[in-house]
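Descriptive structure summary
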Amino acid sequence: MDSSKKNQQKRRSSAPSSMPRTLWSIDSPTRDLQSSNNRNAVNVQVVLRCRPLNEDEIKARTHLVVSCDELKREVTATQYMAYKQTERTFVFDKVFGPASQQQELYDNVVAPVVNEVLEGYSWTIFAYGQTGTGKTYTMEGEGRKEKNGKLHENAGVIPRAVQQIFNVLESERADYSMKVTFLELYNEEITDLLAVDKGLNSLYDEPKRSLLLMEDGKGAVFVRGLEEEMVSTADEIYAILDRGSAKKHTAETFLNKQSNRSHSMFSITIQIKQHKSDGSELIKCGKLNLVDLAGSENILRSGARDERAREAGEINKSLLTLGRVINALAENSVHVPESKLTRLLRDSLGGKTKTCIIATVSPSVLSQEETLSTLDYAFRAKSIKNRPEQLMELQELYMYQQQLTVDLKDKLESTRRELMKTRESLFNLEGQYRQAKDVNKDKEVMIFNILSSGKALTERALELRSDLESAASDVSALFARIEHKNDLEERNRHHIQKFHSQLAHQLEELDKVVSASATRQEQNWEAIQENAQSLLTSKAAAMEELLKQIHNLKDLYTSSVKRLDDSAEELYQNSELAFSGLRSELSAHSSCIMDLIMKSSSDADTISNGLKINLNNLGSRIESFIQQQHENHTRTYQTSKSISESLLSFFKTLRIYISNLTFTEEDFQTITSQKLRALTKTFEIQTAVDDILESACERTEKLNQEISDVQTITADAEEKWTNYIERTEGNYGENSAAIEAGKGNLGEGLQLCITKSSEVAEQRRVAEESLLDLLKENVDSVVSFIENGTEENEKIHARFSSIASSVFEETDEARKKLVLSVEYPVRQDHESLDKINVLSARCLDNMKETNNIHSEKVDEISRTARKSLVDDYLVDGSSCLSPKKRNFNLPSKECIENFIDRSMGDPLHASSSPDAVAQ
Ligand code: ADP
Ligand code: MG
């Protein structure tokens, strides 16, 4: 950049730094937008803020390309291009270097703005710059309230402004009302960040509703349906801010994670009522718009694709338009391009609202291009002028409105008077209208009557016409009928003549046939008479034969009955015989059975007695056997006892002997040893003696050993024997007791047997007796049965005989009746034959007579037919002629209707004209 341009920039933006209540360099050499409004025009204030390097940049030792001189309000950007280093310096209204604090920026830039807002001005503060340069940091800041109620040192412009506003209002105890709005412009669509979500759980799920930008007709732009929330404390606003910030669109891109692609606008509107000394009220209305714009970077570099590309394009569109608007306004161009953002900010860009742009830049070399473009942009914006309006204008407006109201009141009064007059005339008119209406009604009724009578007339004429039509058709039908009748009559005459001749001919024929038939009838009757005679004769012969047969039958029947009687007699005799045989057999049989029972009874007695004797014998034998056994046992026991005693004594003796033997042996040993010792002394054959002694000792020892063995064995045998004896004794005792018990049992069993056998004998005897009684009873019943049978037989025989005789008599009587009944029809036949003969003779006579009558009648018919059909039959003569058929000319329906319409004077037409009715 050449130094002359730099100087120009400096010059342009140089402004007196200490202007008491005016922020803007009114005397700036920037061209005025509208020279007529020059008096109030103020330039847009442009502040530049450069953020410090962040940790990553410091680590990467990033070059710094921006230097700030806060005192001179200068920013110098170094540009490296093709190994060349160029520098550009920009002058702004205020410059804040990387070390600047939030409080500093606020006190210097925003605090005066807020004071003006409270005075009734409208202000807009924009944050403009590349993403990541600190727009949001500046506007919203980081961290809000400390515990002591003070704001955090990193808190941004918005919370500080809110705090200041409330501090001032509360200190002045002002009568005020305050409302806020919070909107977001994203993808050229406006979303209300304060709208309450309905039916959605998450803020992020909400399909955001786009709001429309509208103009109020005076050029002011507003967002339709934007929610305005009334607030009364700073905390309420903080809560609203938190809520709105959470709804903002943020998207991650490759370039910057915190990239904010939407513009957000937070607005506070304050109305303060002031009471003036003259008693009137003054209302101050101030507005503060705080706008956090989207990143101004070159969007194509951000790597966004597809839908993001559109989004990027839209953001660019708004930003580019903003840039173009700034350019246009700066160059005082007539055409100002529009986008939603610029429309929203219309008032702030060259309008009535005062504007402050906080441009943010990064000091890093990596952002040098964007930094330069931001600096250019901000510098250009410096030359835009606003024409702020203050409360006074509003007051004028209010006065004007008051005047307008008075005028309107007058007008209203005169209008009311006019209205009264109009009402009166309307009332009169209504009366007239009602009268006219009544007349109309009468006329309408009349017309209606005429119309209905015309209608009835037409209907009647039509009815008559149709009657006439049917009468004409009837007449022509009648003519046709007459013609037809004449024709028929002619033909009938021919037919009748023909019929007469045919009738005469046929009567002749009939006469012939009838006389022939009469002759045949005569012959037939004679034949019938003959046949009846012969039938009677043959019938009489058959009757004779029948009677003969009946006689034969009677004989046969009599002999049969006789035979039947004989056989009945024989049957009776036989049964008598059989019964007597049966009786004798039965008595023999019963006596036999009785004998048998007697015999078997005596036999059973004998057997039972024998059994008793045998049982008694058996008992005594068992007794003796037991006794014997007992004795044997005792004997065995005694023997064993004696053996045992002798054995014990033997053992004792043996023991004595053994002890004696021991003693003897010991003595012998002692003596032997003494003798040997003496011998040794004598013969000094010590060694040999010792040997002998030793062997003797050995022998004695052996002997002793054997003796002790014998003793042991003996003691053993003795012990065993004693045990045996004891056992035998025990066994003996047990056996004796068992035998004794067995004996008792056997005795009891025997006794039981004996008792049972006597019981059996007794029972048998009783059974025999009852059997005998039964047998006797049976024989008696059989005998009585036989006697009864015989008796019955006799009765049946007698009945049979009487029946046979009565049957015989009845049969004879029946035979006689039969003969009689046979003879009666024969007689009847004869009588009938006589009658037939008489009748046939009479018939023949009748027939002859009929034949004669018939011939006479035929003649008569023939005569009558001729008379009535030929002579008397009359036909229409040609003297009176039938009228001929002709056509009728009936008038058509249309003719009748037209005629009636004409004669009615067309009232239909007359009624359709309202004028005619009204008159
Ligand atoms: P932008 O809104 O422009 O995209 P941010 O406000 O989100 O950028 O800032 C990006 C980062 O830089 C944040 O972490 C913020 O803390 C930091 N930052 C920005 N400006 C400053 C500053 N003046 N002082 C300290 N840190 C800053
Ligand atoms: Mg941001």
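Residues numbered from 1 in each chain as written. Chains lettered and ligands numbered in written order. Predicted model: local features only at pLDDT ≥ 70, side-chain atom pairs only at ≥ 80, totals over all residues. Heavy atoms only, no water.

1. Description of the environment of D192
The line we're drawing: A helix here means a DSSP run of H or I that spans at least four residues, while a strand means a run of E at least two residues long, and both kinds are numbered starting from the N terminus. A 1.4 Å probe rolled over the protein chains alone gives each residue an accessible area, and that area as a share of the maximum for its type sets the label: buried under 20%, exposed over 50%, partly exposed in between. Between two residues, a contact is recorded if the distance between any of their heavy atoms is within 4.5 Å. Throughout this description, a polar contact denotes any pair of N or O atoms lying within 3.5 Å of each other; where both atoms belong to protein, one of them has to be capable of donating a hydrogen while the other can accept it, and for residues adjacent in sequence the pair is counted only when both atoms sit in side chains.
The topology assignment puts D192 in strand β9 (residues 189-192). Overall, the relative accessible area of 2% leaves D192 in the buried class. Sequence separation between D192 and K247 is 55 residues; the distance between their C-alpha atoms is 9.2 Å. Excluding residues that lie within four positions of it along the chain, D192 makes contacts with F182, L211, G225, L226, E227 and K247. At 2.9 Å, the side chain of D192 and the backbone nitrogen of L194 are in polar contact.

2. Some remarks on the pattern of salt bridges
Inclusion rule: We define a salt bridge as a side-chain nitrogen of Lys or Arg found within 4 Å of a carboxyl oxygen belonging to Asp or Glu.
Scanning all chains against the criterion turns up 23 salt bridges. We note a salt bridge from E463 to R460, for which the minimum N-O separation is 2.5 Å. Here R460 and E463 lie together in helix α10 (residues 391-683), a separation of three residues that amounts to about one turn. The salt bridge involving D716 is made with K720; its shortest N-O contact spans 4.0 Å. You can see D716 and its partner K720 sitting in helix α11 (residues 686-872), four residues apart, about one turn around the helix.

3. Some thoughts on a negative patch on the surface
Here is the rule: Candidates for patches are residues over 30% relative accessible area with no salt bridge; among them, like charges are joined within 9 Å and nonpolar side chains (Val, Leu, Ile, Met, Phe, Trp, Tyr) within 5 Å. Computed by Shrake-Rupley with a 1.4 Å probe, the accessible areas treat only the displayed protein chains as cover when residues are assessed. The charged-residue count follows a simple rule in which Lys and Arg add positive charge and Asp and Glu add negative charge, with His and chain termini not counted at all. Charge placement uses NZ in Lys and CZ in Arg. For Asp and Glu, CG and CD serve respectively.
A cluster of like negative charges, contributed by D690, D691, E694, E698 and E701, occupies part of the molecular surface. Tracing the chain through its elements places E698 in helix α11.

4. Some remarks on the site of ligand 1
As a reminder of what qualifies: We call a residue near a molecule or strand when any one of its heavy atoms sits within 4 Å of it. Here the term charged refers only to Asp, Glu, Lys and Arg, the term nonpolar to Ala, Val, Leu, Ile, Met, Phe, Trp, Tyr, Cys and Pro, and the term polar to all other amino acids, Gly among them.
Taken together, R49, R51, P52, Q130, T131, G132, T133, G134, K135, T136, Y137 and E142 are the residues near ligand 1. In this structure, an oxygen atom belonging to ligand 1 sits 3.3 Å away from a main-chain N or O atom of T133. In the model, an oxygen atom of ligand 1 is placed 2.6 Å from a nitrogen or oxygen of the E142 side chain. The fraction of the free accessible surface of ligand 1 (550 Å²) that becomes covered by protein chains is 73%. It is helix α4 (residues 135-139) that contributes the most residues to the shell around ligand 1, three residues altogether. Here the shell around ligand 1 is composed, by residue class, of two nonpolar, six polar and four charged.

5. Looking at the packing of aromatic side chains
Rule in force here: Only centres within 6.5 Å qualify two rings of Phe, Tyr or Trp (six-membered ring in Trp) as a pair; their planes then separate them into stacked at under 30 degrees, edge-to-face at over 60, and tilted for everything else. Here, over-ring charges are defined by two tests on the NZ atom of lysine or the CZ atom of arginine: distance to the ring centre within 6 Å, and angle to the ring normal within 35 degrees.
Tallied over the entire structure, the rule returns six aromatic pairs. Between F90 and F92, the ring centres sit 6.3 Å apart and the planes meet at 20 degrees, which makes this aromatic pair stacked. F92 carries the same exposure label as F90, and that label is buried. Between F166 and Y176, the ring centres sit 6.4 Å apart and the planes meet at 75 degrees, which makes this aromatic pair edge-to-face. Here F166 is found in helix α5 (residues 157-171), whereas its partner Y176 is found in strand β8 (residues 175-186), with ten residues between them in sequence. Taking the relative accessible area as the measure of exposure, F166 reaches 3% and is therefore buried. The rings of F90, F92 and F379 are connected pair by pair, giving a single aromatic cluster. Above the face of the Y121 ring, K354 is positioned so that its terminal group lies 4.5 Å from the ring centre.

6. Description of the packing of helix α3 (residues 102-119) against α5
Defined as follows: Where helices are involved, their axes are fitted lines through C-alpha atoms of the stretch in contact, as for all axes, and angles between N-to-C directions lie from 0 to 180°. Orientation categories follow fixed angle ranges, with anything under 35 degrees roughly parallel, anything over 145 roughly antiparallel, 65 to 115 roughly perpendicular, and all other angles oblique. Two helices cross in a left-handed way if the nearer one is turned anticlockwise from the farther one by less than a right angle. They cross in a right-handed way if the turn is clockwise.
Contact geometry of α3 with α5 gives a least axis separation of 10 Å together with a crossing angle of 50 degrees. Taken together, the axes of α3 and α5 are oblique relative to one another. Both α3 and α5 take part in a crossing whose hand is right-handed. The segment α3 lies against α5, with Q102, Q103, L105, Y106, V110, A111, V114, N115 and L118 engaging V157, R160, A161, Q164, I165, V168 and L169. For the contact of α3 with α5, a count of residues per class yields eleven nonpolar, four polar and one charged.

7. Some remarks on the nonpolar core
Test applied: Put simply, a nonpolar core is a bunch of buried Ala, Val, Leu, Ile, Met, Phe, Trp, Tyr and Cys residues held in one set by side-chain atoms that sit within 4.5 Å of each other.
Residues I125, M178, I237, F266, I270 and L288 are the most contacted members of the largest nonpolar core, which totals 46 residues. Broken down by element, this core gets its largest block of residues, nine residues, from α3. Ranked by size, the runner-up nonpolar core spans 35 residues in total, among them A77, L185, L293 and A378.

8. Regarding the sheet that holds strand β4 (residues 74-81)
This is how it is decided: Think of it this way: DSSP has to see at least two bridges between two strands before they count as a pair.
Read across the open sheet, the three strands follow the order β3-β4-β5; overall the sheet is antiparallel. Because the sheet does not close on itself, it has two edges, and the strands there are β3 (66-69) and β5 (84-91). Strand after strand, the sheet turns through a mean of 20 degrees between neighbouring axes, direction not considered. As judged from the four bridges shared by β3 and β4, these two strands associate in the antiparallel manner.

9. Details of the UniProt feature "binding site: ATP" (unreviewed entry) in the protein
To keep things clear, this is the line we draw: UniProt positions are given in the numbering used here, feature names are shortened, and annotations may be inferred rather than shown by experiment.
If you check UniProt for "binding site: ATP" (unreviewed entry), the listed places come out as G129, Q130, T131, G132, T133, G134, K135 and T136 in our numbering. Considering the arrangement of structural elements, one finds G132 in the loop between β7 (122-129) and α4. A relative accessible area of 42% means that G132 is categorised as partly exposed. Within the secondary structure layout, G134 lies in the loop between β7 and α4.

10. Details of the side chain of T371
In this structure, T371 sits in helix α9 (residues 368-381). The class of T371 is buried, set by a relative accessible area of 2%. With residues near it in sequence (within four places) discarded, T371 still touches V66, V361 and S362.

11. Topic: α5
Let me state the cut-off plainly: A helix's residues, less one, multiplied by 1.5 Å, set its expected span.
Between its terminal C-alpha atoms α5 stretches 21 Å, which fits the 21 Å expected from 15 residues at 1.5 Å a residue. Judged by how many residues are buried, α5 sits mostly within the fold: eleven of 15 residues are covered. Where α5 ends, the next residue or the one after it, R173, has phi of about 50 degrees, a positive value.

12. A short note on the pairing of strand β2 (residues 45-50)
Along β2, six of the six residues are buried, which leaves the element largely enclosed by surrounding structure. Judged by which residues are buried, β2 turns out to be covered on both faces: Q45, V47 and R49 on one side and V46, L48 and C50 on the other are all buried. With six bridges joining them, β2 and strand β15 (residues 354-361) adopt parallel strand pairing. Pairing of C50 across the sheet is with V361, part of β15. Bridge analysis of β2 against strand β6 (residues 94-96) gives three bridges, and the strand direction is parallel. Residue pairing in the sheet places R49 in a bridge with F96 of β6.

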